[in-house]
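Observations on the model geometry
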Amino acid sequence: ANLVLYTSQPNEDAQATVDGFMAVNPDIKVDWVRDGTPKIMAKLMAEIEAGNPVADVLLIADTVTLERMKQAGQLLAYKSPEAANHDAALYDADGYYYSTKLITTGIVYNTAAGMKPESWLDLTKPEAKGLVTMPSPLTSGAALIHAQTLAGVEGLGWDLYKNLAANGAIAAGGNGAVLKSVASGEKAYGMVVDYMPIREKAKGAPVEFVFPKEGVSAVTEPVGILASTKNAEAAQKFVDYVLSEKGQNGFVKLGYIPARNGMALPDGFPARDSIKVLPIDAAEALKNTDDDLKTFSGIYGSN
Amino acid sequence: MAKLILNHVGKDFGGSRPAVSSLSIDVRAGGFLALLGPSGCGKTTVLRMIAGFEQPSDGSILLGDRLLADAASMVPPERRNMAMVFQSYALWPHMSVAENVGYPLKVRGISGERWRKAVADALEAVRLHEHAERQPADLSGGQRQRVALARCLVTSPDVVLLDEPLANLDRHLKQEMEETFRDFHNRSGATMIYVTHDQSEAMALATEVAVMSEGRLVQLAPPEEIYARPEGRMAGALIGQGAILQLPLPEGTPRLLDWAALRPLFQGHAAGACADILVRPQHVVVDPEGIACRVVSALYEGERYALRLALPDGQILRAFSAARVSPGEKLAVAILSAWRLA
Amino acid sequence: MAKLILNHVGKDFGGSRPAVSSLSIDVRAGGFLALLGPSGCGKTTVLRMIAGFEQPSDGSILLGDRLLADAASMVPPERRNMAMVFQSYALWPHMSVAENVGYPLKVRGISGERWRKAVADALEAVRLHEHAERQPADLSGGQRQRVALARCLVTSPDVVLLDEPLANLDRHLKQEMEETFRDFHNRSGATMIYVTHDQSEAMALATEVAVMSEGRLVQLAPPEEIYARPEGRMAGALIGQGAILQLPLPEGTPRLLDWAALRPLFQGHAAGACADILVRPQHVVVDPEGIACRVVSALYEGERYALRLALPDGQILRAFSAARVSPGEKLAVAILSAWRLA
Amino acid sequence: MTRSASGSSQPRWLLPFVILAVALLSVLPLSRLAVAGFVALWRGDLGGLLADPALWSSLRYTLETALFGTAISVLLGAAFAFLLTLTDLRGRSVLGFLFVLPMMIPPQVTALAWVQMSGPSSPLLKALHIAPPLGSPQPLYSVGGIALLFGVQHAPLVYLALRAGLMALPRDGIEAARLSGASSLQVFRHIVLPLSMPGLIAGAAIAFVSCVGNFGIPAILGIPASIYTLPTLIFSKFSAFSSRTFGEVALLSTAIALISVVGLAVQERVLRGRDYRVIGLAGAVATFRLGGLGLLVAPLLWLLLFFVLVAPFMALLAGALVPAYGVPLTFSTLSFHAFEEVLFRQSATRTAFANSLFLSAATAFGLLLLTLLVGYQLASRRGVLARVLTALVEIPYALPGIVLAVAFILVFAGPLPVLNVTLYGTIWIILIAYFSSFFAVSLKPVVSAFRQLDPALEEAARLSGAGFYRRLADIVVPLVAPAAGASVILVFLIACNELTVSALLWTAGTQTLGVVIYNLDDSGGSDLASALSVLVVVMVVAMMLALEFFGKRLPKGVLPWRS
Ligand SMILES: Nc1ncnc2c1ncn2[C@@H]1O[C@H](COP(=O)(O)OP(=O)(O)OP(=O)(O)O)[C@@H](O)[C@H]1O
Ligand SMILES: Nc1ncnc2c1ncn2[C@@H]1O[C@H](COP(=O)(O)OP(=O)(O)OP(=O)(O)O)[C@@H](O)[C@H]1O
Ligand SMILES: [Fe+3]
Ligand SMILES: [Mg+2]
Ligand SMILES: [Mg+2]
């Protein structure tokens, strides 16, 4: 059977990744399915519940999700030789999952906006009153990580979110919606994942992306192998590939910050060391997920 | 109340011939016109034009000085103050019998006790007071027809249009309903136009009878006149029973013929162009001296037998007989009276 | 062909009284039964049970030895080989006239030239050959009824059910259609059941007449029998015209009364319990020696005047008069014959 | 006579068949979901959810938006249906043709288009110099806004369901009322409206259920204002997946099912004891003359169409012609790159077109076959069984697609018991899921048409010797043709755009148009997504025009825009 990949990467990116892998491993054929993280997880979980998971490899949003699967015993441990070239903070010590790239969440603003924000706190200023939008953690995995990350930062914390809410910020659907809202000028500022505004700006959209000075949160689109796989060997090859220099280069070409050490950054990004990535502990985050969601909805009110 | 005038009214549905053409009738205020004619001759179409459901393609319809409709303009039905019994009853399936009957009142803003009373009276008049709360779908055919009747008579319309309103009723009910119509007509003074196939109904009720054929008016006259002196084959055949014989008739014979005038015709003595002669069955009596006929059929009608007799030349004559007669028998008859149709 | 047997058939719609109760009728194979009765007495319901649209709540219906229906089981209509003219015609609005008529043939797998021929013949028989391609919605009421007729007669059904099939036709067409029925009946030998309000129709066609009232069978007899010797008020009032008088009658008087027997009753000489006596209008004749009556109404019927006469004690008598009579006049009449109803 | 036939008029297999169909398409997935719910309940996982105020508030929002939304749909759809079917308004066919199109535009697109139209960057408002300043609150982010969009989106459902009923109005009944002295308005209120009630209620019911189950609109308009309806709440549950999720989702789905069952009960209640069988000959559609009023009404309808169809479509088109979101559309920025890309470069596009066309056509016609049988059975049978069956058919449509899809995965992920083939991963599972999801849409208009039939018409056919299939084909189906046409078109249009069911069920090679559009959009290719949406609309319009061309040969009333 073919190797089956479930991923939440955008279409073209998924296709490029798979093409790259198959170029290196011509004897392995890959079928892939892509969808937003919630949907792909719903699909996968339903399959698992029904006792017949189809996927072999996952390449999806964030470590928190994979940490949960690890704890539920749904993942296969594999120590990849490529891990040596990765920062230890970016993969699971037991080899259940490996981050493949960094997707940071920073600030996007419409070029027509009055202020050029440099800090998360700028969004709470009166100039931004009623003009801020952000993805809702209830919809976007990245947004949840983002909130959990910022909540743990001295001087930001949940207070930031409270102040934002007081300043009229709203938590809208996903990152795509935030970008549209800002690009169309409906809102002036937004929290959003990096690659979207950078790509759109390249196409001419009136947006600008900022890495705030306090640092950015990041989701790392980890890769993991399902415990139920019948293609363990091919799956391991896939993991090796995405962590390899070649695989990582592919991500760079697509406009992502690579996870592997010593790689160049894509166009439109500042130098790697000028980007301060705020740390997050996946296991800890997982434990707090429910509470954090409650806290968030307490502020922005899903109720 | 005012005169209802149909002035050269025509209606063409685009078929091979117009459904109604150049029809002119005046119905005096408070008149009772019976509209007779064979199936498909345009009677319903005339009523529908008077009611305002069809626009005449030609001519005009007036109520007094008020132009109701011509080919260009038309007063909508709801502003004509007319009432109609539809051939298909047109009951509203979602309303109970009482609601159906009371609807015209409701539209006129009558409610409460007055409404209840009027509806109860109307239902009483058609013997349906027991079924007031039923739905039309649960009624028998005749009961539906009576609901339609009650609905038609519950208000005080200027013109009442009745399209075969008694077709599905038994004789008794029919007579009662005829009584109701007569009462209503006397009481309200409404102009009534009554389509029927049953000339005895028409004769009994109407002050005037119009006979139509293929969309045209054939004759318009009071009932007795039209029975006694029908004009043309169509009216002769339609009104009352009778046989139409073709007999050679000398020029100048009067239209009403007695036995003395008729007898020679059967003896082959007379010459002349063939004319249509209407012979009513009640004028054919047994007479040993008469014409020798053969009984073709004898149908029991209850009161009497209806005979079809073959004349020596094969033409058919109709007659009555109180006694039983068998087909094939010979019978000699005299014709007391006959009428030349044209 | 086989006998149609209704055996204590009953049908209850859950109303205040059953629509049909304990009705037993045998119709011999090839018989022609007329079903008469006032509006709402259950005639249509009987037909619908025979056709298989309603299940009897009681009793059973058999065709020969074949059980068609009882309260537990029933043969579906499509396997009964019957045909019916519905009171509402039930034409299919999406088919042309020819398609409507030809549908039963189509179902039987007849097509092509044979189909066209049979449909054309059927339409010819009801005088609608010109309208073969029309849609039912574009027909007049009588034309629709004729389409329904043609559809009913186009096949060779074992049983033909006719629910007031001629109600909307003029007299001429009616007579023609009656002729058609008679032909069809003779030719096919089908058993026919005919619901009508018009006893002259019933008398002319049927070999047997059943009178129903409030869901029950009142009398079942050949037409002449039922006219001459009706049983009970209901049959007396329904069959033929006539007045029912209440007269005190001595015990043991025969049922058929002549003038000699009747005369004393009007002179107050007789004593006894009151009985219902049916007097036919044709038996009431002018007789200077007779009972002095007052003319209440005189309705022109074409052939003659239908009189309502008030007897000295106020009871109403019906009579005919060839000459014009005015309401209010005095008239002395003799009653040639009368019939005690029970 | 028109009375219900009490004779056993259907073949013996029909009822078991109907029950089997409902069991397969509805009971099976629902009960699998229910099992998950029970397990969770058993483990006591759900106490927290019941105590969670989020559940209750979303219940309230769902009801509010659905009720107001339904009201707006009914107003819009009914106005169009009445005006276009019963009056002599000019341009009725064109208006009718255009009015069913908004269903083609995905709800998210309509929502976004409206947000922009009424927001600070609205080209329209800017041109009129009444654009609100940057940052002013968006009025559409509210219960009212959601309801408004619901109303617009689902109005064609009401239109189509109602129209079929209007086609069967008895002409003489209306004439009798007018002669009784009733003004046009009174005739409308007293005769037309009550007689078209079955259609109207059927339409309202589908609209209501659609509102309850809609995800796209509250996702865009509700979440920014923290208004969660049950579907968006369910979706958010999936986003933070945990061991409890299935239980919670099952519970929330139960809430949705309950709401739709209550809606259905209300519908039954309203129709109870009323007889809508048309006696005698119906079918000639009555025409009200509008006269001068027509000059007033027509522009109003066109204006409405502008807002519900033209404006969102323009937004789509503009989105397809600019290189990136937010770039103003001018001659210099205009590019057909997106069209080229989706038409000639993306191989998925062609597959998706083929898949969606196959799925929509197969669903529309396959369901029609099924609903004719089921509808016939349900209309002739009143009582508990009929009500239960109807409710069961209704529920899958009310559930958000994602829930239904999960249910189908739960049922079909493994190989089928006896046959030992796996449907999961093939296009057939999507087809079955579509059957399940759109069963109610297809059934509603057909059932209400059956309810209006004069039973004597079928009786006459039976006596002619026509067995069940025969009269079904010759008499019954042609008589309900307008409803059948509405049903096919409704299902086809909705299935063409379907997203959430297929989103979870597709695999390589079985992606649908909805999935491709969503994925393009989600991965930042909003220009490509817009271009594809435009192409879909164009394709459907072309197909409708083709139908129009052959319309003369179809039975009367099948095409809902032809009069
Ligand atoms: N479906 C029904 N529900 C309740 N009552 C009904 C139903 N059908 C008929 N009835 C009642 O049963 C009785 C008999 O009805 P049926 O139609 O058989 O009368 P009928 O003899 O044919 O009358 P008509 O000559 O007026 O057509 C009537 O009182 C009628 O109201
Ligand atoms: N809408 C229509 N389209 C075409 N022809 C029609 C239409 N309505 C009636 N006709 C035709 O016009 C003629 C007159 O019809 P109308 O209904 O007036 O007859 P009628 O005298 O009432 O007959 P009946 O006694 O049978 O009811 C008929 O030949 C009929 O077929
Ligand atoms: Fe008669
Ligand atoms: Mg007529
Ligand atoms: Mg009847």
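As a convention, each chain's residues are numbered from 1 in the sequence order in which they are written. The lettering of chains begins at A and the numbering of ligands begins at 1, in the order of writing. The predicted nature of this model means local features are confined to residues of pLDDT at least 70 and side-chain atom pairs, given and counted, to a pLDDT of 80 or more, with totals for whole chains, interfaces and linings taken over all residues. Hydrogens and waters are ignored; side-chain quantities use all the structure's heavy atoms.

**Some words on the overall build of chain A**
This is how the line gets drawn: Each helix corresponds to a stretch of at least 4 residues labelled H or I by DSSP, and each strand to a stretch of at least 2 residues labelled E; elements are numbered beginning at the N terminus. When a residue's accessible area, from a 1.4 Å probe over protein chains only, is under 20% of the maximum for its type it is buried; when over 50% it is exposed; and in between it is partly exposed. Note on definitions: a residue-residue contact is assigned when non-hydrogen atoms from the two residues lie within 4.5 Å. Positive residues here are Lys and Arg, negative ones are Asp and Glu, while His and the chain termini are left out of the count. Note on charges: their place is set at NZ of Lys, CZ of Arg, CG of Asp or CD of Glu.
Each helix and strand in chain A was counted, giving 10 helices and 13 strands. Here the C-alpha coordinates of chain A stretch approximately 60 × 40 × 30 Å along the principal axes. Expressed as a percentage of the 303 residues in chain A, the buried residues total 64%. Look at the contacts in chain A between residues 6 or more apart in sequence, and 74% of them connect residues 24 or more apart. Within chain A, one finds 27 positive and 36 negative side-chain charges whose respective centroids are separated by 3 Å.

**Regarding the relation of the copies chain C and chain B**
Short version of the rule: The copies were overlaid with a least-squares fit restricted to C-alpha atoms from residues scoring a pLDDT of at least 70 in each copy.
Once turned by 179° and shifted 0.0 Å along the axis, chain C lies on chain B with an RMSD of 0.1 Å. These values place the two chain copies in the arrangement generated by a two-fold rotation axis. Considering only C-alpha atoms, the residue of chain C closest to the rotation axis is C:A167, which sits at 2.5 Å.

**Let's talk about the interface of chain A and chain D**
A common measure of how large an interface is: the accessible area buried when the components associate. This is how the line gets drawn: Salt bridges are identified by distance alone: a Lys or Arg side-chain nitrogen within 4 Å of an Asp or Glu carboxyl oxygen.
With 51 residues of chain A in contact, the opposing surface of chain D contributes 52 residues. Taken together, chain A and chain D are joined by zero salt bridges. Within the residue set of the side of chain A that touches chain D, elements represented by two or more residues are α1 (11–24), β2 (30–34), α2 (37–49), β8 (170–172), α6 (175–183), α7 (195–203) and α10 (282–300) of chain A. Sorting elements by how many residues they give to the side of chain A that touches chain D places α2(A) first, with nine residues.

**Brief notes about the site of ligand 1**
Put simply, the rule is: Near, as used in this document, describes a residue that has one of its heavy atoms within 4 Å of the molecule or strand being considered. Think of a polar contact as two N or O atoms within 3.5 Å of one another; within protein, one of them needs to be a possible hydrogen donor and the other a possible acceptor, and neighboring residues in sequence only count if both atoms come from side chains. Residue exposure ignores everything except the shown protein chains as possible cover, and the areas themselves are Shrake-Rupley values with a 1.4 Å probe. Three classes are used: nonpolar for Ala, Val, Leu, Ile, Met, Phe, Trp, Tyr, Cys and Pro, charged for Asp, Glu, Lys and Arg, and polar for all others, with Gly counted as polar.
Lining the immediate surroundings of ligand 1 are 21 residues, of which B:R134, B:S140, B:G142, C:T44 and C:T45 lie closest. The environment of ligand 1 is shared, with nearby residues belonging to chains B, C and D. C:G42 places a main-chain nitrogen or oxygen 2.9 Å from an oxygen atom of ligand 1. C:T45 is positioned such that a nitrogen or oxygen atom in its side chain is 2.5 Å from an oxygen atom of ligand 1. For ligand 1, the accessible surface in isolation is 640 Å², of which the surrounding protein chains cover 93%. Put simply, the parts of the chain that give the shell around ligand 1 at least two residues each are α4 (141–153) of chain B together with α1 (43–51) of chain C. The residue inventory of the shell around ligand 1, partitioned by class, reads five nonpolar, 11 polar and five charged.

**Some words on the domain arrangement of chain D**
All names here are of chain D. Rules: In this document the domain limits rely on a domain assignment from an automatic tool or a database. Joining two parts hides part of their accessible area as seen by a 1.4 Å probe, and the buried area is that hidden amount summed over both.
Domain annotation of chain D identifies domain 1 (52–326) and domain 2 (335–562). One C-alpha centre belongs to domain 1, the other to domain 2; they are set 20 Å apart. Between domain 1 and domain 2, the contact holds 60 residues from the first and 52 residues from the second. Taken together, both faces of the contact between domain 1 and domain 2 bury some 4,800 Å²; the carbon and sulfur share is 72%. Linking domain 1 to domain 2 there are zero salt bridges. The tally of links from domain 1 across to domain 2 stands at one residue pair in polar contact (both at pLDDT 80 or more). With 11 residues, the top contributor of residues to the side of domain 1 that touches domain 2 is helix α13 (residues 245–271). Tallied by class, the residues present in the side of domain 1 that touches domain 2 amount to 44 nonpolar, 13 polar and three charged.

**Points about helix α1 (residues 14–42) of chain D**
Definition in use: One axis is fitted to the seven residues ending at the residue and one to the seven starting there. The bend at that residue is the angle between these axes.
A maximum bend of about 45° is found in α1(D) at D:A23. When α1(D) is considered as a whole, its buried residues turn out to be D:L14, D:V18, D:A21, D:V22, D:L25, D:S26, D:P29, D:L30, D:L33, D:A36, D:G37 and D:A40.

**Here we look at the packing of helix α2 (residues 97–107) of chain B against helix α3 (residues 112–125) of chain B**
Residue and element names in this part refer to chain B. Rule in force here: Where helices are involved, their axes are fitted lines through C-alpha atoms of the stretch in contact, as for all axes, and angles between N-to-C directions lie from 0 to 180°. Note that the term roughly parallel is reserved for angles under 35 degrees, roughly antiparallel for angles over 145, roughly perpendicular for angles of 65 to 115, and oblique for everything else. Each helix crossing is assigned a hand: it is left-handed if the near helix lies turned anticlockwise from the far helix by less than a right angle, otherwise right-handed if that turn is clockwise.
Packing of α2 against α3 brings their axes to within 9 Å, and their N-to-C directions diverge by 125°. Regarding the angle of α2 to α3, the classification is oblique. You can see that α2 and α3 cross each other, and the crossing is right-handed. From α2, V97, A98, E99, V101, G102, L105 and K106 reach across to α3, where they touch W115, A118, V119, A122 and L123. Residues of the contact of α2 with α3, tallied by class, amount to nine nonpolar, one polar and two charged.

**Structural notes on the confidence of the model for chain D**
Residue and element names in this part refer to chain D. Applied cut-off: The pLDDT value tells you how sure the predictor is about a given residue, anywhere from 0 up to 100.
Mean pLDDT over chain D works out to 80, with 90% of the residues at or above the 70 mark. Note on residues 1–8: pLDDT is under 50 here. Beyond four places in sequence and across chains, it has 41 contacts. The complex model carries a pTM of 0.81, and its ipTM stands at 0.76.

**So, the interface of chain C and chain B**
Across the boundary between the two partners, chain C contributes 42 residues, which contact 43 residues of chain B. Three residues, C:R171, C:Y300 and C:E303, lead the burial of chain C against chain B; their summed loss comes to 18% of the area buried on that side. Note that C:R324 and B:E224 form a salt bridge whose closest N and O atoms lie 3.0 Å from each other. There are 15 residue pairs in polar contact (both at pLDDT 80 or more) connecting chain C and chain B. At the level of elements, α4 (141–153), α5 (171–188), α6 (199–205), α7 (223–228), α8 (232–238), β14 (284–300) and β16 (316–321) of chain C are the ones that each hand at least two residues to the side of chain C that touches chain B. Ranked by residues supplied to the side of chain C that touches chain B, first place goes to α5(C) with five residues.

**Comments concerning the pattern of salt bridges**
Residue and element names in this part refer to chain C. This model, assessed by the stated rule, comprises 44 salt bridges over all chains. With its nearest N and O atoms 2.8 Å apart, the salt bridge here joins D121 to K117. Taken together, the positions of D121 and K117, both in helix α3 (residues 112–125) and four residues apart, correspond to about one turn of that helix. The exposure class of D121 is partly exposed, given its relative accessible area of 42%.

**Observations regarding the arrangement of the chains**
When the four pairs of chains in contact are compared, the highest contact count belongs to chains A and D. The smallest C-alpha distance separating chain A from chain C is 48 Å, and no contact links them.

**As for the sheet that holds strand β2 (residues 20–27) of chain C**
Residues and elements named next belong to chain C. So the rule is basically this: Should DSSP find at least two bridges between two strands, the strands are taken to pair.
Reading across the sheet, the four strands line up as β2-β1-β4-β5 and stay open at both edges, with antiparallel pairing between neighbours. Unpaired on one side and paired on the other, β2 and β5 (66–70) mark the two borders of the sheet. Mean inter-strand twist for the sheet, computed between neighbouring axes without regard to direction, equals 20°. Across five bridges, the pairing between strand β1 (residues 4–11) and strand β4 (residues 58–63) is antiparallel. For G10, the partnering residue across the bridge sits in β4 and is D58. Sheet strands in contact with α1 are β1, β2, β4 and β5, and its direction is about 120° off that of β1.

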